[in-house]
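Reading the structure
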Amino acid sequence: MRSLSSNGGMDPLPKIQRALKVRGPREVELHETCPLPALEDDEILVRVRCVAINPVDAKVLDMAPRVGATAGCEFAGDVVKMGPSVKNDQLKAGVAVFGCVWGNHPNRPDNGAFAEFVAVAGDLVYLLPPHLSYQQGASLGVALPTVGMAVYYLWPLRLPYTGPGRSPIARGETRQTSGEAEETRELEATTTLADRMEGAGGHVGVRHLTRPSSPPSALGTPRKPGTSRYVLVYGGSTVCGAMALQMIRKSGLVPVCTCSARNFALVKALGAQEAFDYHSPTCGDDIRRHTADTLAYALDCITDLASMRICYTAMGRDGGKYMGLEPVPLRAHTRRDIKPNYILVYTMFGKEVTSPRPFGRPARPKDRVFAERWYRGTQTLVDIPGEIHPHPLDQGSDGLHGVIKGLDRMRKGDVSGVKLVYEL
Ligand SMILES: NC(=O)c1ccc[n+]([C@@H]2O[C@H](COP(=O)([O-])OP(=O)(O)OC[C@H]3O[C@@H](n4cnc5c(N)ncnc54)[C@H](OP(=O)(O)O)[C@@H]3O)[C@@H](O)[C@H]2O)c1
């Protein structure tokens, strides 16, 4: 740790802060006199304005609580201090940002999102553009890098942006046919998520979008492995799934997804070509039929026995790649032609993940290199109004006290198609 540069003439920082600390399994409590996080040289200090609750916050409390650590991984707020080696010259005191941190950190108990101040690497944070609120920013903090690491780093598919973070075309990339390009343009011509949703059917309806009458690959047409344009997002109505749908569309591919029927309108408005109810016993077969037995990529945003079985059933005859957002239940790995993997977003920090198995990972500097590029690249999307659609918000009250109730809601599974956010 080093001494820090000034905070640009803003109010002096307090010596102590309020933070939600892990008390034990399933429990956090509000502490009033916590130290502010110590900054590493490449980090900024952010005064938190809004936090979002991620299922990860509840799960780590249940499975690997670090007593005394600050909880929380998603935030939005204002920069109040800069470390001496922050490279991003757009960052300065007073600038609004949002992002992801590793809450419940085993070795860094003073840092987490559920606090008045949070420290985050200057290369791994988004600038919050004026068209997004702090609440919307907080809701995007984890989904953006998670989709980046899963879909565009570990697989990887063709990047969804052009410009600064763009790398050469990735393996397995296929070019869009003119019909598919036309469909993509039609979808993207519709500007806001609200525009795309009207009040009919499910809890929201959707304006009718022109789509091709048949899937891009005609039924029965043999295809080379890896050339299908379809990507399955299991759990399209999760925050991560919703982000994946949008990004996969921007990559020129064709996402299909599962979710409850009440969320069909939401996922279709975000770009899903078709949605399938995972409660149906024929869900996997239906997807396989729809994708003409060619599906080669499945992102599973739920990753339990049932979800993995459906993904494996849906996968095409040549097999492919399956990515879980949770440790993969090996019992469901029933096909040798499918390569399963599991992503943990915290490896993007390039440091060892010192958690118990199956979460522990060695330091992976290459993950950090990709992540920095991903943040730069997707910042260009975040900056354009209408390019990234945040999830519908469910705004709770009562600040950090409210977050404790929100964690309980999340644990009970009382969250569908919305993101829980709390202003501080
Ligand atoms: N590995 C990582 O680094 C990482 C990072 C971020 C998140 N995650 C994990 O990724 C998952 C998704 O996170 P998120 O924030 O995107 O989720 P979320 O938005 O909180 O997910 C809520 C949605 O999950 C769906 N759902 C709940 N239980 C389900 C089940 N048994 N089967 C199918 N769908 C179910 C519901 O969809 P319907 O209402 O439509 O049924 C609900 O809308 C979580 O497990 C989280 O822990 C992992």
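Here goes a summary of the coordinates provided. Just so we're clear, the structure is a prediction, and the values are computed from it rather than from any experiment. (Residues numbered from 1 in each chain as written. Predicted model: local features only at pLDDT ≥ 70, side-chain atom pairs only at ≥ 80, totals over all residues.)

1. Topic: the site of the ligand
Neighbouring the ligand are 28 residues, the closest being Thr-238, Cys-240, Ser-260, Val-345 and Ser-416. For the shell around the ligand, the per-class residue count stands at 14 nonpolar, 12 polar and two charged. (Near = placed C-beta within 6 Å. Nonpolar A, V, L, I, M, F, W, Y, C, P; charged D, E, K, R; others polar.)

2. What about the nonpolar core?
Val-46, Leu-232 and Leu-299 are the most contacted members of the largest nonpolar core, which totals 126 residues. Both domain 1 (16-141 + 392-423) and domain 2 (146-365) contribute no fewer than three residues apiece to this core. (Core = buried A, V, L, I, M, F, W, Y, C linked by C-beta atoms within 7 Å. Buried ≥ 20, exposed ≤ 12 C-beta atoms within 10 Å, placed from the backbone. Domains from an automatic or database assignment.)

3. Quick notes on the environment of Ala-19
Here Ala-19 lies in strand E1 (residues 16-24). The spatial distance from the C-alpha of Ala-19 to the C-alpha of Glu-116 is 6.5 Å, given a sequence separation of 97 residues. Beyond its immediate chain neighbours, meaning those up to four positions away, Ala-19 contacts His-31, Cys-34, Thr-70, Gly-112, Phe-114 and Ala-115. (Helix = DSSP H or I, 4+ residues; strand = E, 2+ residues; numbered from the N terminus. Contact = placed C-beta atoms within 7 Å.)

4. What about the packing of helix H8 (residues 283-290) against helix H9 (residues 305-314)?
For any two helices packed against each other, one specifies the crossing angle of their axes together with the interaxial distance. As a packed pair, H8 and H9 sit with axes 7 Å apart at the nearest point and diverge in direction by 30°. Of the possible angle classes, the one that applies to H8 and H9 is roughly parallel. Judged by the sense of rotation from one axis to the other, the crossing of H8 with H9 is right-handed. Contacts between H8 and H9 involve Cys-283, Gly-284, Asp-285, Ile-287 and Arg-288 from the first element and Arg-309, Ile-310, Thr-313 and Ala-314 from the second. Residues of the contact of H8 with H9, tallied by class, amount to four nonpolar, two polar and three charged. (Axes fitted to C-alpha atoms, helices over the stretch in contact; angles between N-to-C directions. Parallel < 35°, antiparallel > 145°, perpendicular 65-115°, else oblique. Left-handed = near helix turned anticlockwise from the far one by under 90°.)

5. Examining unusual backbone geometry
Note the cis peptide between Trp-155 and Pro-156, where omega equals -15°. Considering the arrangement of structural elements, one finds Pro-156 in the loop between helix H3 (143-154) and helix H4 (178-189). Backbone geometry at Asn-104 places phi at a positive 55°, although glycine is not the residue there. Note that Asn-104 resides in the loop between strand E5 (96-100) and strand E6 (117-121).

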